[in-house]
Amino acid sequence: MVGADLTFRTRYASIVAANTALQTYTKGIQSRDEWVYEENTMPIFLDTCVLLNLYDISETERVEFIKFIRKNKDRIYISSQVQREYNRRRILSVKGFKDRVDKTKTDIQTILAKVASTYQNEKEGITNLVNRNLIKYGMPQVASKLKELEDFLTQPAYNSELQEKLKQCSEFISQHIDDECEKCWKNADFEYIDPVQEAIMEAKLLPSLSIEEQNYVADLYKKLRVPYDALKPTDKEREIITFPGAGDKDKPVDVSIEESVAWGDLYIYHEMLRFMKENNTDVVFMTRDITKQDWIKLDHRAYVHYIVNGYEMTGHLMYILDADGVVPTFNTIEIKQDDSDDDEISEKPIKPVTIEGESEEESTTTKHTIEGAESIVDEYNPFLHLKLFDLATWNGGRSDYRQITKPLLVAELQKTTKWAMSYGDGYVGESHFIYNILRHKHYDYDSVKGILEELITEGKVERRDETHDDHTFSCLVLKEGSEE
């Protein structure tokens, strides 16, 4: 039972237990990319933001993740708190997608109107539109012309053909945009018949904690807030007393099953803690809640005391992962975790990370080699979405992107291929891989294209045209033995 002997603590007593937990965690985390496949038995808990994200991605990505849930339904668990939060916000997420479709339509029309006179400033805007999953997969006619326009604008010299090209593209898009926007919305109008909800129902749904346990968690939350709020956000000590739900200060603290409360994340932590104890097992918790930093830090690593406390309480490990790091098709858009009635979509923060042991000033130099940067990427997380190593891979001043290397590109292609074979349509489209998967991980796409051509020339990757659903795609196939 959740209580004094099965609880969250920011401090731990045993040096031996701490060392054992962290050593075991470090070894175990190396298998994270395999935990999402059906041959694995690791229990997986999904956060609310992971489920709600399914209403804000392309239809292709949604179908793939639903397959993932269904194929792994016997080991995917939905905590009672996540069930409550999901039920409360599902309709808002469905309707929010309609708003996003409308906004996308407006963005297209606005940018096209500006290109004629200010094309230099809008080239990046066109590129961003081209790479939006909603446009790429939901509006193929519009996407094709936007890509054509992007290619034209990126020519070395601007010429008089722009006005005519812009006119042709604008007229073509105007003919198709209404129908394609309507189709996108209809394909995601899940207010009544909802395939996402149906898939979730097939997973393991956990019962609520008892009223006594709920009261305990609520009281614990209030106690944890006092020392945490006494510190400034810039105080380093805050990290060692952070707790699940620390970023939810403005939510109500009264115990309520019907409403989302400030201690909801702490409740989820204790549900997993009880599950680990009852079932004598490690668990994986997949979240996308990075902005608040009360589950995962900006470097995408879990807090040490979360890991050690779980081990001291249960003898097992709670692996807390950013879902974007293990699900290839998830992009970097997430739902803000404010539980308000007007949830918005925001980009994940792209923030430089200071390497441990260096000052912030030192970390902005170019003293590290690319090889050294790669080793640090592999040590922490080879699929980080942060611009970790601009200092090592500076690319003509484009600080938002980093160059890729052959080993990293092969690893990404291998990972994307396995996901496509397990839950997707069995192929990896070249454009999807470059502009969606890798670009959203802040790899410079010019670098990607160059390395990809080298791998194709070396015979390690094959490019071939394939027809799927009456459309022909340039697809990438990793040749046997290349992953070595």
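Residues numbered from 1 in each chain as written. Predicted model: local features only at pLDDT ≥ 70, side-chain atom pairs only at ≥ 80, totals over all residues. Heavy atoms only, no water.

Asks: How should the overall build of the chain be read in this particular structure?
Replies: A tally of regular secondary structure across the chain gives 16 helices and 9 strands. For the chain, long-range pairs separated by at least 24 residues make up 74% of all intrachain contacts whose partners lie at least 6 apart in sequence. Approximately 22,300 Å² of the chain is accessible, and the part contributed by carbon and sulfur atoms is 49%. (Helix = DSSP H or I, 4+ residues; strand = E, 2+ residues; numbered from the N terminus. Contact = heavy atoms within 4.5 Å. Areas by Shrake-Rupley, 256 points an atom, 1.4 Å probe, with all protein chains shown as cover.)

Asks: Would you mind showing me how to read the pattern of salt bridges here?
Replies: Working definition: two side chains of opposite charge can pair if their charged atoms are close together. In this structure the tally under the stated criterion is 34 salt bridges. Between K98 and D102 there is a salt bridge; the shortest N-O distance is 3.1 Å. In this pair, K98 and D102 are both assigned in helix α4 (residues 80–130), 4 residues apart and thus about one turn of the helix distant. Judged by its relative accessible area of 27%, K98 falls in the partly exposed class. Owing to a relative accessible area of 36%, D102 belongs among the partly exposed residues under this scheme. In this structure, a network of salt bridges that share partners links the residues D248, D265, D289, K292 and D294. (Salt bridge = Lys/Arg side-chain N within 4 Å of Asp/Glu carboxyl O. Buried < 20%, exposed > 50% of the residue type's maximum accessible area, 1.4 Å probe, protein only.)

Asks: Looking at this structure, I do not really get the packing of aromatic side chains. What am I missing?
Replies: Aromatic ring pairs: the centre-centre distance and the angle between the two ring planes describe each pair. The final tally for this structure, using the stated rule, is 24 aromatic pairs. With a centroid separation of 4.8 Å and 20° between ring planes, the pair formed by Y25 and Y319 is classed as stacked. A residue pair is termed long-range when its members are at least 10 positions apart, and Y25 in helix α1 (residues 15–28) and Y319 in strand β5 (residues 318–322) qualify at 294 residues. Like Y25, the residue Y319 is buried in the burial classification. Ring-pair connections join several aromatic residues into one group, and the members of that group are F8, Y269, F285, W295, Y303 and Y306. Here K145 stacks its cationic end above the ring of F172, 5.3 Å away from the centre of that ring. Positioned above the aromatic ring of Y228 is the side chain of R238, whose terminal nitrogen or guanidinium carbon lies 4.1 Å from the ring centre. (Phe/Tyr/Trp six-rings, centres within 6.5 Å; stacked < 30°, edge-to-face > 60°. Lys NZ or Arg CZ within 6 Å of the ring centre and 35° of its normal.)

Asks: Where do I start with the pairing of strand β8 (residues 461–468) in this structure?
Replies: Consecutive side chains along a regular strand alternate between the two faces of the sheet. Here 8 bridges tie β8 to strand β9 (residues 471–478), and the two strands are oriented antiparallel to one another. When the sheet's bridge partners are listed, V461 is paired in β9 with L478. Counting the residues between successive antiparallel strands, the hairpin from β8 to β9 contains 2 residues, one of them, D469, with a positive phi of roughly 55°. (Pairing = 2+ DSSP bridges.)

Asks: Can you help me understand the sheet that holds strand β4 (residues 283–287) in this one?
Replies: With parallel pairing, the 5 strands of this open sheet are ordered in space as β3-β2-β1-β4-β5. What marks the edges here is a single partner per strand, and that holds for β3 (204–205) and β5. As paired strands, strand β1 (residues 44–46) and strand β2 (residues 76–78) are joined by 2 bridges and run parallel to one another. Among the inter-strand pairings, F45 is bridged to a residue of β2, identified as Y77.

Asks: Can you walk me through helix α16 (residues 445–457) in this structure?
Replies: Side chains three or four residues apart in an α-helix point the same way, a direct result of the helix having 3.6 residues per turn. End to end, α16 covers 18 Å across 13 residues, agreeing with the expected 18 Å (1.5 Å per residue, within 8%). For α16, the complete set of buried residues consists of Y445, S447, V448, I451, L452 and L455. Looking down the long axis of α16, one finds its buried residues gathered within 145° of arc, a one-sided arrangement. Between a side-chain oxygen at the N-terminus of α16 and the backbone nitrogen of D446 the separation is 3.2 Å; the capping residue is D444. G459 sits one or two positions beyond α16 and adopts a positive phi of about 80°. (Expected span 1.5 Å × (residues − 1). Arc of directions from axis to C-beta. Polar contact = N/O pair within 3.5 Å; in protein donor to acceptor, adjacent residues only side chain to side chain.)

Asks: Teacher, can you tell me more about helix α15 (residues 430–438) here?
Replies: Of all 9 residues that make up α15, 8 are buried, and the element is covered over most of its length. When α15 is considered as a whole, its buried residues turn out to be E430, H432, F433, I434, Y435, N436, I437 and L438. Against α3 (59–71), α5 (133–138), α14 (406–422), α16, β8 and β9 lie the buried residues of α15.

Asks: Which parts of the structure should I look at to understand the environment of M201?
Replies: For M201, the position within the fold is in helix α8 (residues 195–202). Considered as a pair, M201 and R70 are 131 residues apart in the sequence and their alpha carbons are 9.6 Å apart.

Asks: When you look at the packing of α1 against helix α11 (residues 304–314) in this model, what are you seeing that I'm missing?
Replies: How two helices sit against one another is set out by the angle between their axes and by the gap between those axes. Where α1 contacts α11, the axes come no closer than 9 Å and their chain directions differ by 110°. By the angle between their directions, the pair α1 and α11 is classed as roughly perpendicular. The two elements α1 and α11 meet at a crossing, and its hand is right-handed. Touching A17, A18, T20, A21, L22 and Y25 of α1 are V304, I307, V308, Y311 and E312, all from α11. Grouping the constituent residues of the contact of α1 with α11 by class yields 9 nonpolar, 1 polar and 1 charged. (Axes fitted to C-alpha atoms, helices over the stretch in contact; angles between N-to-C directions. Parallel < 35°, antiparallel > 145°, perpendicular 65-115°, else oblique. Left-handed = near helix turned anticlockwise from the far one by under 90°. Nonpolar A, V, L, I, M, F, W, Y, C, P; charged D, E, K, R; others polar.)

Asks: What is the right way to read the nonpolar core from this model?
Replies: Generally speaking, nonpolar side chains in soluble globular proteins are found buried as a group. Membership of the largest hydrophobic core comes to 107 residues, with the highest contact counts inside it found for L46, F65, F68 and W295. In terms of residue count, α4 provides more of this core than any other element does, 11 residues in total. Core analysis: the second largest hydrophobic core is formed by 21 residues, I404, L413, I434 and V448 among them. (Core = buried A, V, L, I, M, F, W, Y, C linked by side-chain atoms within 4.5 Å.)

Asks: Whenever I open this one, the pairing of β5 confuses me. Can you help?
Replies: A large share of β5 lies buried, amounting to 5 of its 5 residues. Alternating residues of β5 divide into M318, I320 and D322 and Y319 and L321, and every residue in both groups is buried. Bridge count for β4 against β5 is 5 bridges, and the pairing is parallel. Paired with M286 across the bridge in β5 is L321. In terms of handedness, the path from β4 via α11 over to β5 forms a crossover that is right-handed. (Right-handed = clockwise from strand over helix to strand, strands pointing away.)

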